[in-house]
Amino acid sequence: ASTAELSEAHEMLRSGEIDVAIIMDFESQPLLFGDLETEYLLSDPYHVALPGGHPLADRAQVKLADLADEDWINSCPGTSCDQIVLAACRAAGFDPRVVVQCDENDQMQACVAGGLGVALWPQLALAHVRPGVAVKPVAGAQVERRVHAATLAGAYRAPATEAMLAILRETADEFRAGSPLAAVS
């Protein structure tokens with residue numbers, strides 16, 4: 001297993017290096033690869049991650065505009081997650097003041113717990129929340145990514161590929177049935 005941006009995953013599928021990729025897109029950045037066969041698995045909403053003692057940590061939901069004056073932890077520049085967070089903040093009327101850039105969930109949560117800033121992170125990445133981090137749904141316009149399984153269109157599907165797709169469908173069904181953040185939010 002490895003992590004790759006969409007263009008890298010696409011090339012890995014085309015080269016035969018992998019048979020299945022889990023890829024994400026956003027309404028504002030839809031998938032545009034005609035040679036991929038995709039299967040929608042689930043929507044992954046973004047949540048606000050705040051230090052536990054933050055004044056907004058007791059709210060049921062948090063408006064992005066209420067975080068305009070905060071320091072932010074965001075994904076590395078140029079990644080799809082970075083771009084969607086920047087777009088969401090700009091739609092809320094501000095450019096986030098990004099003070100830490102990281103793509104690792106544990107690092108992001110450590111920075112938030114340490115009071116270095118706030119973050120907007122996908123729910124799948126927040127299944128295990130570190131002590132000292134308060135996770136809240138976004139109030140107002142939602143930010144979410146769509147998660148798909150992708151294979152190369154027309155390519156042979158080995159039994160292992162079909163088994164992996166079945167596991168991904170089952171896991172997505174389980175995720176939708178019991179949101180792991182229900183108890184945290």
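These lines cover the structure that appears in this document, whether it is placed above or below. (Residues numbered from 1 in each chain as written. Predicted model: local features only at pLDDT ≥ 70, side-chain atom pairs only at ≥ 80, totals over all residues. Heavy atoms only, no water.)

Considerations on the environment of Val118
Examined against the element boundaries, Val118 turns out to sit in the loop between α3 (105-113) and β6 (119-122). It is 11 Å that separates the C-alpha atoms of Val118 and Val62, two residues lying 56 residues apart in sequence. Among all residues touching Val118, those that are not within four sequence positions of it are Ala49, Leu50, Pro51, His54, Leu67, Glu70, Asp71, Trp72, Ile73 and Val112. (Helix = DSSP H or I, 4+ residues; strand = E, 2+ residues; numbered from the N terminus. Contact = heavy atoms within 4.5 Å.)

Structural notes on the side chain of Thr79
Of note, Thr79 is situated in the loop between β4 (71-74) and α2 (80-91). Using a relative accessible area of 12% as the deciding quantity, one classes Thr79 as buried. For Thr79, the side chain forms a polar contact with the main-chain oxygen of Cys76, separated by 2.9 Å. Polar side-chain contacts of Thr79 include one of 3.2 Å to the backbone nitrogen of Asp82. With sequence-adjacent residues up to four places away left out, Thr79 is seen in contact with Glu5 and Asp103. (Buried < 20%, exposed > 50% of the residue type's maximum accessible area, 1.4 Å probe, protein only. Polar contact = N/O pair within 3.5 Å; in protein donor to acceptor, adjacent residues only side chain to side chain.)

Describing a negative patch on the surface
A surface patch of negative charge is lined by Glu5, Glu8, Asp103, Glu104 and Asp106. Note on placement: Glu8 falls in helix α1 (residues 6-15). Glu8 gets classed as partly exposed once you look at its relative accessible area, which sits at 45%. (Patch = residues over 30% accessible without salt bridge, like charges linked within 9 Å, V, L, I, M, F, W, Y side chains within 5 Å. Areas by Shrake-Rupley, 256 points an atom, 1.4 Å probe, with all protein chains shown as cover. Salt bridge = Lys/Arg side-chain N within 4 Å of Asp/Glu carboxyl O. Lys, Arg positive; Asp, Glu negative; His and termini not counted. Charge placed at Lys NZ, Arg CZ, Asp CG, Glu CD.)

Some thoughts on the pattern of salt bridges
Side chains carrying opposite charge are able to pair once their charged atoms draw close together. With the rule as written, the count across this model stands at 11 salt bridges. Linking Glu37 and Arg157 is a salt bridge whose minimum nitrogen-to-oxygen distance equals 2.8 Å. Taken together, the residues Glu37 in strand β2 (residues 36-51) and Arg157 in the loop between β8 (144-152) and α4 (159-177) connect sequence positions 120 residues apart. Judged by its relative accessible area of 26%, Arg157 falls in the partly exposed class. Close ionic contact of Arg176 with Asp173 constitutes a salt bridge, the shortest N to O distance being 2.3 Å. One end of the pair is Arg176 and the other is Asp173, both in helix α4 and three residues apart, which spans about a single turn. On the basis of relative accessibility, which here comes to 44%, the residue Arg176 falls in the partly exposed class. Asp173 sits in the partly exposed class, given a relative accessible area of 43%. A cluster of three or more residues bridged by salt bridges with shared partners is formed by Glu11, Arg14 and Asp35.

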